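Structural overview for review
Each chain, letter by letter, is given below.
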There are 2 protein chains.
Amino acid sequence: MQYKLADDRVREFERIFYPRSIALVGASKDNRKMGSRWAKALIDSGFNGPVYPVNPSGGEFFTAKVYSSLKAIPGPVDLVICCIPRAFVLDLLDDCAAKQVSAVHFFTAGFRETGEAQWIHIEEEMARRAQKGGFRIIGPNCIGASCPEHKLPYGASSVVGKPGPVGFISQSGGHAGKLMVIGLTRGIGFSKIASIGNCCDLGSADFLEYMAVDPKTNVVGLYLEGPRDIQRLFEVMRAASERKPVVVWKGGATEAGAKAASSHTGAMMASADLWTAALKQAGAIEVRGVDEMADTLLLFQRVGPVRKAHLGIICGLTGDGESEALLAADACAAFGIDVFPFTESTRRELLGLAGQASTTLISPSDLNQLSGILQALEQGIELVAADRRVDIIVVYENADTLLGLMTKEVADLINGVIVKASQKGSKPIIVVSPPGSLDLERLDIECRLSEAGIPVYPSMERAAKAIADVKRYYGCHAEAACPTLPWI
Amino acid sequence: MQYKLADDRVREFERIFYPRSIALVGASKDNRKMGSRWAKALIDSGFNGPVYPVNPSGGEFFTAKVYSSLKAIPGPVDLVICCIPRAFVLDLLDDCAAKQVSAVHFFTAGFRETGEAQWIHIEEEMARRAQKGGFRIIGPNCIGASCPEHKLPYGASSVVGKPGPVGFISQSGGHAGKLMVIGLTRGIGFSKIASIGNCCDLGSADFLEYMAVDPKTNVVGLYLEGPRDIQRLFEVMRAASERKPVVVWKGGATEAGAKAASSHTGAMMASADLWTAALKQAGAIEVRGVDEMADTLLLFQRVGPVRKAHLGIICGLTGDGESEALLAADACAAFGIDVFPFTESTRRELLGLAGQASTTLISPSDLNQLSGILQALEQGIELVAADRRVDIIVVYENADTLLGLMTKEVADLINGVIVKASQKGSKPIIVVSPPGSLDLERLDIECRLSEAGIPVYPSMERAAKAIADVKRYYGCHAEAACPTLPWI
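Read on for a plain summary of the structure. Note that the structure is predicted; figures quoted are calculated from it, not measured.

With that out of the way, let us pick up the packing of aromatic side chains. Note on aromatic pairs: each is described by the distance of the centres and the angle between the planes. In this structure the tally under the stated criterion is 24 aromatic pairs over all chains. Members of the aromatic cluster, connected to one another through ring pairs, are Phe13(A), Phe17(A), Phe207(A) and Tyr210(A). A cation over a ring is seen here: Arg186(B) above Tyr457(B), with NZ or CZ 4.9 Å from the ring centre.

Residues and elements named next belong to chain A. Every buried residue of helix H2 (residues 34-44) is accounted for by Gly-35, Ser-36, Trp-38, Ala-39, Ala-41 and Leu-42. Contacts made by the buried residues of H2 are with strand E1 (22-25), strand E2 (51-54), strand E3 (60-61), strand E5 (79-82) and strand E6 (103-106). At the exit of H2 stands Gly-46, carrying a positive phi of roughly 85°.

Further remarks concern the nonpolar core. Among the nonpolar cores identified, the biggest contains 104 residues, and Met460(A), Met460(B) and Ile467(B) are the most heavily contacted of them. With residues near it in sequence (within four places) discarded, Met460(A) still touches Ile313(A), Leu327(A), Ala328(A), Ala331(A), Cys332(A), Val394(A), Tyr396(A) and Val432(A).

Further remarks concern helix H1 (residues 7-17) of chain B. All names here are of chain B. Turning to H1, its buried residues are Arg-9, Val-10, Phe-13, Ile-16 and Phe-17. Along the axis of H1, the buried residues cluster in a sector spanning 115°; they form a single face. Buried positions along H1 lie against strand E5 (79-82), strand E6 (103-106), strand E7 (136-138), strand E8 (144-146), strand E10 (190-195) and helix H6 (204-213).

This brings us to the sheet that holds E2(A). Residues and elements named next belong to chain A. Ordered by their spatial adjacency, 5 strands build an open sheet running E2-E1-E5-E6-E7, and the pairing between neighbours is parallel. In this open sheet, the two edge strands, each paired with only one partner strand, are E2 and strand E7 (136-138). On average, adjacent strands in this sheet sit at an angle of 20° to one another, irrespective of strand direction. Note that E1 and E5 share 4 bridges and pair parallel. By the bridge assignment for E5, Ile-22 is matched with Leu-79. Against the sheet, helix H3 (residues 89-99) contacts E1, E5, E6 and E7, and its axis sits at roughly 160° relative to E6.

Residue and element names in this part refer to chain B. Among the 6 residues in E10, 6 count as buried, and that is most of the element. Pairing geometry for E8 and E10, over 3 bridges, is antiparallel. Bridge pairing in E10 places Gly-144 opposite Ser-195. Summarising the sheet, strand E9 (residues 163-170) and E10 pair through 6 bridges and their orientation is parallel. Residue pairing for E10: Phe-168 is matched across the bridge by Ile-193.

Calculation notes
- Residues numbered from 1 in each chain as written.
- Chains lettered and ligands numbered in written order.
- Predicted model: local features only at pLDDT ≥ 70, side-chain atom pairs only at ≥ 80, totals over all residues.
- Heavy atoms only, no water.
- Phe/Tyr/Trp six-rings, centres within 6.5 Å; stacked < 30°, edge-to-face > 60°.
- Lys NZ or Arg CZ within 6 Å of the ring centre and 35° of its normal.
- Buried < 20%, exposed > 50% of the residue type's maximum accessible area, 1.4 Å probe, protein only.
- Helix = DSSP H or I, 4+ residues; strand = E, 2+ residues; numbered from the N terminus.
- Contact = heavy atoms within 4.5 Å.
- Core = buried A, V, L, I, M, F, W, Y, C linked by side-chain atoms within 4.5 Å.
- Arc of directions from axis to C-beta.
- Pairing = 2+ DSSP bridges.
- Axes fitted to C-alpha atoms, helices over the stretch in contact; angles between N-to-C directions.

Geometry only, nothing functional implied.
Here you go:
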């Protein structure tokens, strides 16, 4: 496969993610209905282009005129979002052809996933009519396309994700929504999100093909249940992986999960081992669960190409550095991350900084007793950053203890030192901040670090797993270095 | 080993966890010093008994008279908490003998952990003087004992954990503090917490021996780095495990971690595999990390004896139930938890409830489209609870989506249904509520469920791992059923 996608294929997807105008078929004044919330979401998000509400009963929606049919809309329509009952979709598709729309997204559900012959047949007919009519279908049974940069919100929740370099394609609307919301606080920014549903027309391979060439996308995440054309998907995945990282979570990878999935998609299901092997061959990075997906995408976004991933770990900010160092060493070992000793000169200088408490001459440096001594922390980070054996700096910050022993102001100053060091930019910094009490002050710390471009992880284990993923990818794809990936 | 511990041994520990009076040696008026914060913590916590500040400079601390020495205190002293510099500890121990105290806890550090011969020797001398003086030592280099029921706070942070049935013994003061704080929001209640430090006198085996017979403790957690008398520890662990669950996290279990640990304790370190095997033989449950520790202790506390652990999983409250069901099935399979199909009659009735969306006839029931329909949720939970194949009910609640699609009031009503069902008490209910946006409303939901006695987990994986731990324990220790363990 070539990297180049035909211009007309690219244009198809541009009309989906950057529509110039949208018709919302099934817009409703009844605010308990999805058609009402969706219309409101498009207005609230600040989408910059005409949104045409369509409902046979006409009238007005907020200040917008409601059109009685698609054909009644005066201007051209790029994207149709459909929330009407399934009984009416075939008629709508005829209207779409007449109106020469570019794409139709069906939130409407109740087709192939019901397992009922009648509705499977209608879904097949939908695909045929789209092909004949010269437009594409997203779905049915999905949340559809979102593009934060273009203010195209994710579904009816009126939330627009943070803009950024991550593309996400999902066979579950819920999982994609969860990832987007996690991204809001953890700083994962999205170029495009696509909830693709039953894939009667456009499938996961199609979306991946587009995101592989999309200049706004630097890393792609995929949540799969039962992809339809599995052979083509793996071909596209192999080619895409050579260009940028592809991170895959396969739902129903276990036998029990597969049994659950097969009942609603009827698609091919393979054993977990087979999937793992195939993903590896395709050069993709496998993750399990939405948290692992978020952890790994965040690191690709923030840290970019890392080949050796030797860590310099700074812990003991609030005392007990030795136990924190143990925890860090165990977590790194579990995921095959090497914790090399610092160079002799770094050790010597750190020892001078941290005094008696730093008799533990291990790589995770122990800054015990330094709490509040901002200058020493700053110097400590500088020393570790200057060590030629260190690729990534991890600061273990137990915010609960920090806030328990000190004021919020002192904690802010400490984080200010970390942010400043990160902005100097000689080496990427990751903060591990385990949750504990759910107080607002701690959340505020996390959010501020995230906003400053510093990836924050809730545990050493999760940070180590993500680092291992990034290291593995760039180890296999030396040429895939993506110099535009910013890590700040 | 017998379960019975000699009365005088029990009394030793009672003086530590339920001291009738405390002397704080090293109390200070300088609020940047630990001796000041510690004194304030004892006052703030509401400890019900005399607290005697001791400092050679005398004077007053808040309204309390400061005594110039331990011997100058008029009344008897059970527990001495020591924050003075290490140079003065031997003299203090002589005073302790003269004053006939029961125990001394040394927050003071800088002994064995420095690796310096001089200070190792002094630590050994401390133990000898305590033995000669007829009292016990906790530490040095630790946060010491806490007993929420007795308002004995954990260290100088003035936080007193929630009272409850969990005992915790830790070679890291930081990890124990983190667990206690996690407990505040997740509802883990503690009978006793002991940060035991260098263990020059009392060691992990001693504390475990006491907690094994303590009627207020139903489950014991242990964080170990390098226990001193490992053979005795495993003997005690085996006997304790027959009586109540013992959950162990071994820090430095990996080679890298062990290297980090050996530099400050010099204690025996074994490979991860050896530890795993030995813990299994001793009947203990192994966990890794503070989150896993919290997950498993919480379930022992709340759910108690469970042998089969067949789950009935309710998902799709906010739509997308099929993907949530897949996720649940995968997570259960990964940890060896069986997801049995419901009985035929349950299936039939659930189908009637959930309508078209529930064509997926798998055990994780899909209540898609039920959002807001409180009565249907209530009936759904009742149906699943009534199924004879179900031992534990898991409700997957995507609070972000819930709050995104509905108002907080509706979300509260939905959680009200879950709380009500849990209080009916026919079968234990667990809620899985994955974090996402960090907004206050979602945290409020989590805290309220926790306060209502419902264990809340951030992911299906973590719930499944904890369920597997509890199942394994009660599978091996049929006789250990602890009927006093409340699961509400």
